[in-house]
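# Fold and contact review
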Amino acid sequence: MSTRLLPRHAPFENDALAALDQVLAVASRVQRTWLLDYLTAVSDLPAQGTRDADVSVGEVVEYVNLNSSRSDQTTMHVAVAFPDGAPPYRPGSVLDLIGIDGESVPARVLPVASSRREVVDEVHALMPVRTGDAAIVERLRLGSQVRVRIREDAEFRLPAALGTDVIMIGVEAGVAPYRALTQERRALGAGGRSWLFFGGRRFTHDFLYQLEWQAALADGSLTRMDVAFSHDQPERIGVEDRLFERREELVDWIENGASLSICAAPKSADRAHFGLLKAVADIKACSLEVAVGHVADLASQGRFNQRHP
Amino acid sequence: MNDHRQVLPPPSATDGVGDLIQAERDQLSRNEHIKEASGYLRGKLAEALLMPASGAVSDDDGQLVKFHGMYLQDDRDLRPERMRKKLDRAYAFMIRLRIPGGVLTSKQWLVLDEIARSYANGSLRATTRQTFQYHGVIKSNLKRTMKAIDGALLDTIAACGDVNRNVLSASNPYQSKAHAAAYDLAKAISDHLLPRTGAWREIWLDGEKVVGGEDETVEPIYGKTYLPRKFKVVVAVPPSNDVDIFAHDLGFIAILDEVGALAGWNVTVGGGMGMTHGEADTFPRTADVMCFCEPEDALKVAEVVMTVQRDWGNRKSRKNARLKYTIERFGLDAFRAEVERRVGKAFAEPKPFRFENNGDRYGWTEGEDGRHHLTLFIQNGRVRDFKGGPQLLTGLRRIAEVHQGEFRLTANQNVLVANVPAEKRAEIEALVAEHGLTAHAGTLRRNSMACVALPTCGLALAESERYLPTLIDELEACLARHGLAEDEITIRMTGCPNGCARPYIAEIGLVGKGPKRYNLYLGAAFDGSRLGKLYAEDVADSAIVEVLDPLLAAYKVQRSYGERFGDFLVRTGYVAMTTNGPNFHEQTGCLRGLS
């Protein structure tokens, strides 16, 4: 079976990827490593060894704070162009920013926010600016030559099967992998449905990639979207509240085989996770402990994972 | 009235009237089709509220939300950066309340204050039509806001749109009985001419949907296409013309008998401000005083004037759809005859009356009934806490917490703390002082008004509320140089020619033409009874003082005793007199050499 997966740009590649995911889901760790190494060698998939990927040099062609000038947050959208083509990567990858204009910077891991199938020669990543990012912020600008390494996060595997429904839960910069996945699924003509839960502080000022989500909803590459903005009303509302509000359909999607993924900072991710458990417990009329078991089952089937951006 | 509704041609009308209206019915404006198809103002609003990725509604629904009291706007300051940041326009809604006569209880005030801080931009904006509006309410907060408004026993129905808008009543704190009569009529008209559709409760309060029904039961007065255009009603009590009666479609002037009791009302029709730059067939117009009616006929007259306009008004061109154009087209006599026919009686000629001014008197006054009233100047109606300035939002909240009377919003964007018992006065005075609510404002500033304009109003061509205070700083310095610092002159600015702040009946009227550029209108009457005239076109903001300076110098030297600035300019021939709308665009410019 695996040999049929391998030819680069083969017409059946999409289905092959889906099949591969199923194989990987049940593969042992050793088998998985072997398979991925083999695939990388013969296809355009990125290198898998977390630290062994090649370092590439590219130029920053877009560098913009996606939060409005009235926001109290800063989230930089960094687009890096590689004249000879971007190194291979998949949705869910991360980008290590290693050097700027010939100088080393303290390595910064950024979530990749693009699909190579859509942006071709570029890689987009999101950088939520935090204290400690001064060295990077001071130097990075449009036109900077950056040294980057793009690699997969071994713990974070987005579903590659195009026929599968996906539920994506992203808070703030945690939305990056879902932009990548949505681009990927649009480029490959995914048949499955997709549902994005996005959370941020304020609708008007912190709605990362708002125009793109509108376009994705219009062209069908995103089936549904729910949003939660914590600072827009007197009480805090987060994606966990939306998950619970939509619990009936949410569980319906899951039972129909949907994969779930959460990408958010630790606190938000915990809240979202808890919201998911509550939703499952409520619909299945079970205790939270039993709901934990359900979600663990999903995880063991490769249908649920979670990461911090 | 049902037998007259939408019947064409109107039975009493001449053939000319019927033919003209029929011809227009064959070429209806787009808005007429939107209204017709909306299912009594529902459109697709309920669905639009469920689309979380967009802060907007569709263009068609954007027309319909006006009838629900709101406008879709966006922060125009932020437009340049949004596309680059992959953000949609910073959409938010302006929500305008319906507050007949501008009267609010303290309890209602406190709710409105809380909404301002929770869902809007931290301010209450007093309008020029005795109500408050909120800015910056995002789509996801609309229902919460409307539910909170409903909780205060208020609503926003028909605060905008092609319907009878908020009805104004004199804020007059002196003649308590006449004020009560004026308020009662305003309230009765507001209730009677309120759209009956259940759309507002259904969409905003999740009310039950009432399906079906014919015009006669759903909208017995309006029918499914409502009015051709907005319709504004006011009630005045002379000698104050604080409601600017000549600027409104329909007005009632209280006529009092020898003992100060109400004898009846003079009825005015056909006033309106809006026009379009460069289109001479659009113009502001001062209302005609049509007739006198008995107190018991006033409500019927209001309904009939509105329904004749409903049937005769231009539904082809929205720019020519207001009642003022209907009266220009068919003549006051034909209009009056149709009103009398529909009411079923002939009316007497108007009684004499006299207005003295169209502004507010500030400070404490005592009414006939011994109650005390405090009129507070609110610059451009913006009730918020100013850094280093008056703490208007907090101060008025504190007053509302102890005040047991009422608040009245004036048509000049000010706030009146009304019906204060003598023993409460000291407590309120202390709060006024603590929050700097009567921080010194010069005479010109106290006679100024500006519309909102940028950054929220989609129609604005130039700044208004954010710029007028600065211009007044400069003008007050100029007036002081001429020894005119204490002279009352009305000055009003709008960011576009639609005229929300009624600039065409201010002695100095400034109307936005483009960024930092204004048309300057001069020669209007101080009491709001005569329009100004275009004096200088497309003036750079930095040149406004320079243009006015020689006129003010001449005014100081050449005026006769007690003569107002606008009257002076007309008498001495610097500007031509505008007798009414049709000659508004004639003989413009400076007609006399300046020394």
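Residues numbered from 1 in each chain as written. Chains lettered and ligands numbered in written order. Predicted model: local features only at pLDDT ≥ 70, side-chain atom pairs only at ≥ 80, totals over all residues. Heavy atoms only, no water.

Spelled out, the test is: UniProt positions are given in the numbering used here, feature names are shortened, and annotations may be inferred rather than shown by experiment.
As annotated in an unreviewed UniProt entry, chain B is Sulfite reductase [NADPH] hemoprotein beta-component from Methylorubrum zatmanii. Taken verbatim from the UniProt record of chain B, the Sequence similarities (unreviewed entry) comment is "Belongs to the nitrite and sulfite reductase 4Fe-4S domain family." The record held by UniProt for chain B lists under Function (unreviewed entry) the comment "Component of the sulfite reductase complex that catalyzes the 6-electron reduction of sulfite to sulfide. This is one of several activities required for the biosynthesis of L-cysteine from sulfate."

Chain A is annotated in an unreviewed UniProt entry as Oxidoreductase of Methylorubrum zatmanii. Listed under Cofactor (unreviewed entry) in UniProt, the entry text for chain A is "FMN".

### Focus: the overall build of chain B
So the rule is basically this: Secondary structure elements are defined from DSSP: runs of H or I of at least 4 residues count as helices, runs of E of at least 2 residues count as strands, and each element is numbered from the N terminus. Between the two quantities, the radius of gyration covers C-alpha atoms and the globule rule is 2.2 Å times the number of residues to the power 0.38. Note on exposure labels: buried denotes an accessible area under 20% of the residue type's maximum, exposed denotes more than 50%, and partly exposed covers the range between, all computed with a 1.4 Å probe on protein chains only. Every residue pair with non-hydrogen atoms within 4.5 Å of one another is taken to be in contact. Residue-level accessible areas treat just the shown protein chains as cover; the underlying method is Shrake-Rupley with a 1.4 Å probe. This count recognises Lys and Arg as positive and Asp and Glu as negative, with His and chain-terminal groups excluded. Throughout, a charge is located at the NZ atom of Lys, the CZ atom of Arg, the CG atom of Asp or the CD atom of Glu.
When helices and strands are counted, chain B shows 19 helices and 20 strands. At 23 Å, chain B has a C-alpha radius of gyration in line with the 25 Å of a compact globule built from 595 residues. Each principal axis of the C-alpha distribution contributes one length, and for chain B these read about 65 × 60 × 55 Å. In chain B, which comprises 595 residues, the share counted as buried stands at 62%. In chain B, of all internal contacts separated by at least 6 residues, the share reaching a separation of at least 24 is 68%. As displayed, chain B offers around 21,600 Å² of accessible surface, 51% of which is attributable to carbon and sulfur atoms. Distance from the positive charge centre (76 side chains) to the negative charge centre (78 side chains) of chain B: 4 Å.

### Structural notes on the pairing of strand β10 (residues 288-293) of chain B
Residues and elements named next belong to chain B. Just so we agree on the cut-off: Strand pairing follows a simple DSSP-based rule, namely that at least 2 bridges must link the two strands.
The element β10 is extensively covered by neighbouring structure, given that five of its six residues are classed as buried. The pairing of strand β9 (residues 262-269) with β10 spans five bridges and is classified as antiparallel. Bridge pairing links V267 to C291 in β10.

### Considering the UniProt feature "binding site: siroheme" (unreviewed entry) in chain B
Residues and elements named next belong to chain B. UniProt annotation of "binding site: siroheme" (unreviewed entry) refers to C500 when read in the numbering used here. Mapped onto the secondary structure, C500 falls in the loop between β17 (491-494) and β18 (508-514). According to the relative accessible area criterion, C500 is partly exposed, its value standing at 47%.

### Some points on the sheet that holds strand β2 (residues 91-96) of chain B
Strands in a sheet are paired, the pairing made by backbone hydrogen bonds, and the direction either parallel or antiparallel. All names here are of chain B. Taken together, the five strands give an open sheet; going across it, the order is β1-β2-β5-β4-β13, and neighbouring strands pair in antiparallel fashion. At either margin of the open sheet sits one strand with a lone partner, and together these are β1 (70-74) and β13 (382-383). With three bridges connecting them, β2 and strand β5 (residues 132-137) associate as antiparallel partners. Its bridge partner lying in β5, I95 is registered against Y134.

### Side note on the confidence of the model for chain B
Residues and elements named next belong to chain B. Here is the rule we go by: Each residue carries a pLDDT score, the predictor's own confidence in it, on a scale running from 0 to 100.
The pLDDT averaged across chain B works out to 94; a share of 96% of its residues lies at or above 70. Throughout residues 1-9 the model reports pLDDT below 50, and contacts reaching past four residues in sequence, or to other chains, amount to 30 contacts. Two numbers describe this predicted complex: its pTM, 0.91, and its ipTM, 0.91.

### A short note on the packing of helix α11 (residues 266-283) of chain A against helix α12 (residues 288-300) of chain A
All names here are of chain A. The criterion, for reference: The axes are straight lines fitted to the C-alpha atoms, using for helices just the contacting stretch, and the angles between their N-to-C directions are given from 0 to 180°. Throughout, the term roughly parallel applies to angles under 35 degrees, roughly antiparallel to angles over 145, roughly perpendicular to angles from 65 to 115, and oblique to all others. The classification used treats Ala, Val, Leu, Ile, Met, Phe, Trp, Tyr, Cys and Pro as nonpolar, Asp, Glu, Lys and Arg as charged, and all other residues, Gly among them, as polar.
Interaxial distance between α11 and α12 falls to 8 Å at its minimum, and their mutual angle equals 105°. Considered as vectors, α11 and α12 are oriented roughly perpendicular to each other. Two secondary-structure elements touch here, α11 through H273, F274, L276, L277, K278, V280 and A281 and α12 through L288, A291, V292, H294 and V295. Class assignment for the residues of the contact of α11 with α12 results in nine nonpolar, two polar and one charged.

### Re the packing of helix α11 (residues 298-312) of chain B against helix α12 (residues 323-330) of chain B
Residue and element names in this part refer to chain B. Between α11 and α12, the least distance of the axes is 10 Å, while the angle of their chain directions is 75°. One way to sum up the angle between α11 and α12 is to call them roughly perpendicular. For the pair formed by α11 and α12, the contact residues are V305, Q309 and W312 on the first element and L323, T326, R329 and F330 on the second. Partitioning the contact of α11 with α12 into residue classes produces four nonpolar, two polar and one charged.

### Notes on helix α7 (residues 142-151) of chain B
Residue and element names in this part refer to chain B. Where we set the bar: Regarding the arc, it is the one traced by the directions from the helix axis to the C-beta atoms.
Every buried residue of α7 is listed here: L142, T145, M146 and I149. Taken around the axis of α7, the buried residues stretch over an arc of 95°, which confines them to a single face. Packing partners of the buried residues in α7 comprise β1, β2, α6 (106-118), β5 and α9 (199-204). L153 lies just past α7 and shows a positive phi near 60°.

### With respect to the pairing of strand β1 (residues 55-65) of chain A
All names here are of chain A. Where β1 lies against strand β6 (residues 145-152), five bridges are found, and the strand directions are antiparallel. Residue pairing across strands places G58 opposite V146, the latter belonging to β6. By the bridge criterion, six bridges tie β1 to strand β2 (residues 75-81) in an arrangement that is antiparallel. Along β2, the bridge assignment pairs V64 with H77.

### Focus: helix α18 (residues 544-558) of chain B
Each α-helix winds once per 3.6 residues, and so residues spaced three or four apart point in a common direction. All names here are of chain B. To keep things clear, this is the line we draw: Take the number of residues in a helix, subtract one, and multiply by 1.5 Å to get its expected span. One axis is fitted to the seven residues ending at the residue and one to the seven starting there. The bend at that residue is the angle between these axes.
Here α18 spans 22 Å end to end across 15 residues, near enough to the 21 Å set by a 1.5 Å rise per residue. For α18, the principal kink sits at P550 and spans about 25°. For α18, the set of buried residues is I544, V545, L548, L551, L552, A554 and Y555. Buried residues along α18 sit against α17 (468-481), β18, β19 (517-522), β20 (533-540) and α19 (565-571).

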